[in-house]
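Architecture and fold: a report
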Amino acid sequence: MAHPEDRTPKALTAAGLESISDRFHALSFETNKPDTREFLDLNSPVSPLPTRPASTITPSSSSSSSGSSITAKPVPNAAGGGGRKPEVGIAGRRSHSGELLVGSNDTGLGTIDGRTTRPGHRRSGSGPLIYSGTSVGASASASAGVSAGSSMASSPLTNVLPAGNICPSGRISKTGMMSRNAARSDVLGSGTGNYGHGSIVRGGTSGAGSGKPPGCELSVGSAGDPAVRRAMASTDPEEVKRVGNEQYKRGHFADALRLYDRAIAMCPDNAACHSNRAAALTGLKRLAEAVKECDEAVRLDPAFGRAHQRLASLLIRLGQVDDARQHLFLAGPQPNPVELQKLQAVERHLGRCADARKIGDWKSAWRESDAAIAAGADSSSLLLASKAEALLRLNQLEEADLAISSASKLESSSSSSLYTKFVGMISNSFVHFVRAQVEMALGRFENAVSAAERARQIDPANLEITTMLNNVRSVARARSLGNELFNSGKFAEACLAYGEGLKHDPSNPVLYCNRAACRSKLGQWEKSVEDCNEALRIQPNYTKALLRRAASNSKLERWAEAVRDYEVLRQELPGDTEVAEALFHAQVALRTSRGEEVSNMKFGGEVEEITGVEQFQAAITLPGVSVVYFMTASNQNCSQITPFVNALCTRYPSVNFLKVDVNENPAVAKAENVRIVPTFKIYKNGTRVKEMICPSQQVLEYSVKHYGF
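Analysis parameters
Residues numbered from 1 in each chain as written. Predicted model: local features only at pLDDT ≥ 70, side-chain atom pairs only at ≥ 80, totals over all residues. Heavy atoms only, no water. Helix = DSSP H or I, 4+ residues; strand = E, 2+ residues; numbered from the N terminus. Buried < 20%, exposed > 50% of the residue type's maximum accessible area, 1.4 Å probe, protein only. Contact = heavy atoms within 4.5 Å. Areas by Shrake-Rupley, 256 points an atom, 1.4 Å probe, with all protein chains shown as cover. Phe/Tyr/Trp six-rings, centres within 6.5 Å; stacked < 30°, edge-to-face > 60°. UniProt positions renumbered as here; feature names shortened; annotations may be inferred. Pairing = 2+ DSSP bridges. Axes fitted to C-alpha atoms, helices over the stretch in contact; angles between N-to-C directions.

**Section: the overall build of the protein**
The secondary structure content of the protein amounts to 27 helices and 15 strands. The 709 residues of the protein split such that 52% are buried. Here the contacts in the protein between residues at least 6 apart in sequence split such that 59% fall between residues at least 24 apart. As displayed, the protein offers around 31700 Å² of accessible surface, 51% of which is attributable to carbon and sulfur atoms.

In structure tokens form, the structure reads like this:
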């Protein structure tokens, strides 16, 4: 078989291959115009295309205090004539044509023709690296890209601009020394869109708020880039790939992906194109698809070190450490030290997380899950599910729901995830296993059954999953039966049905709250309060449980406890008039039980306007609490706080709110020595207990609440 480099255009013409189809099949990805120099000058993350057989350009690096530079030295051609020499790994290996190089991160491309470049700053969102000549020790670790809920581990900073930023001219500039001579602004991406730090955003707009589809924020091809249009129409796969590499360097990952797709359509068995496509997909945060492309690249060329390196980086981010280790050591004789360190850190935290789960130490399991995410597994559905499970056991249901929702969005579809195990479960089944428990705790029983069945389908031999599926089905049946009996007025039978469900899931707040409703209907107020207490212990902000406990405490004439619950509900449901009225009646009953005067208390009253000194004296001497608001209609501060005072009057119906316009009632203002508005005075049983001048809304409401009860 002829060496690819022997197929020159001249030879093809001599052979009489005139049609486009014939020209395409005769071309190889190993030949192209010698534009290697351009890539070297850019210190690009895209590997240079090979030169003609006459010579090979070998880059060498020299470092100084200001950064690193690359020079090209011609060296004699390798062993002449035939095919490529067998090579192992990255070191000493010649580049695939146009192949994107891998560095310490998945899209950080860290080797150039047999040498390892110095890792530079890592863009947030795992965009491509721009090399700055920093040492290995200064390489930034990946921050958690999908943190969900509160984190217990510190993540690296992501808002630091990298050294080695790309200038509009295509050259490398040191940080802080970029000139702005272009007519339109070119700004570096903030890392919040589908690109990383250092990506160029034309026109100074970021993709986060541009309204364009995901992946198109940085694309200029759709805006009519002539080079992209020509490449998409070209039948030369080398040219298509070259333009794709240029788009990738600029951070235009969507355009680069389209061009690599075009190149693969013309040459589907080229491993370098599949690896390049994986890099573009990674830039678009489509990691599962990127893994598939890397799998295809190493299938086509099992000795392709860069594809193994890229695949290892992706698998670390996905938390699949066993497969990541295998590919990391297949990448070359010596694994990348930065990636190896990251792999070991993720492995260590994963092991500690599994150990904590075995003994039920959920705080440690939460902490170690966050630590593994921060160490590099920033897109791991497995670790997010582990965090969600820990939060669920710690009765932080909302945070658990947020974490498992993020895990479900990241669920890996790669073939390797079907064999990766965590705590004895296949990783994808573990995500569904946790999701089923979270859904059940939040009362979404149908979703819980579906998730549990999916977990069983993925991992049918796992005993823990089978047990959980049976429990979920039993609880769902008990809840459905209990609801039917309750709606039929059979409260005692419904109470037993909910109790049967609690035998299978003793930490389900919905079942406790439903049983409390049954017991309330049966007049078992004390037991109803007990069930509500248990539901609120598991889910502290459970509105229905608060309502039922407040109502039951009212029946038991525990007015202080009822008022306390109704006050919380008023904060949660400010527009609910039934809750407001229930609070008012509980407050009246509480004052009556204390022997206080309640004749002046009214529900839903308005702020009373004072028109004279006698009316003022009579109002503030009434039993209870009165809040006097001194104001003027023309004062801006008064105009701003008046609507809030009206809202407080509705929110605290047992408090008397009075309003004095100091311009219309100067005698009242003089008697009370009011010189600044707005001024608030609080009276309790005729005695002034508080005075505030220009208070904030928070201070005013706190004072009303403090003295009102």
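**As for the packing of aromatic side chains**
Two aromatic rings, taken as a pair, are described by how far apart their centres are and by the angle between their planes. Evaluation of the coordinates by the stated rule reveals seven aromatic pairs. Centre to centre, the rings of Phe422 and Phe430 are 5.2 Å apart; their planes meet at 75°, and the pair counts as edge-to-face. One exposure class covers both Phe422 and Phe430, and it is buried. Here the aromatic rings of Phe486 and Phe491 are separated by 5.2 Å at their centres, their planes lie at 65°, and the arrangement is edge-to-face.

**What to know about the UniProt feature "repeat: TPR" (unreviewed entry) in the protein**
According to UniProt, the positions carrying the feature "repeat: TPR" (unreviewed entry) are residues 237–270 and 429–462. Between the end C-alpha atoms of residues 237–270 the distance is 11 Å, and the span holds 79% helix and 0% strand. Across residues 429–462 one finds 79% helix and 0% strand; the C-alpha atoms that close the span lie 10 Å apart.

**Brief notes about the sheet that holds strand S14 (residues 679–684)**
Within the open sheet, the five strands sit side by side as S11-S13-S12-S14-S15. Their pairing is mixed. With partners counted over all chains shown, the strands left at the sheet margins are strand S11 (608–609) and strand S15 (687–693), one partner each. In the packing of helix H24 (residues 613–620) onto the sheet, the strands contacted are S11, strand S12 (625–631), strand S13 (656–661) and S14, and the crossing angle to S12 comes to about 145°. Packed onto the sheet, helix H25 (residues 636–651) meets S12, S13 and S14 and runs at close to 160° relative to S12.

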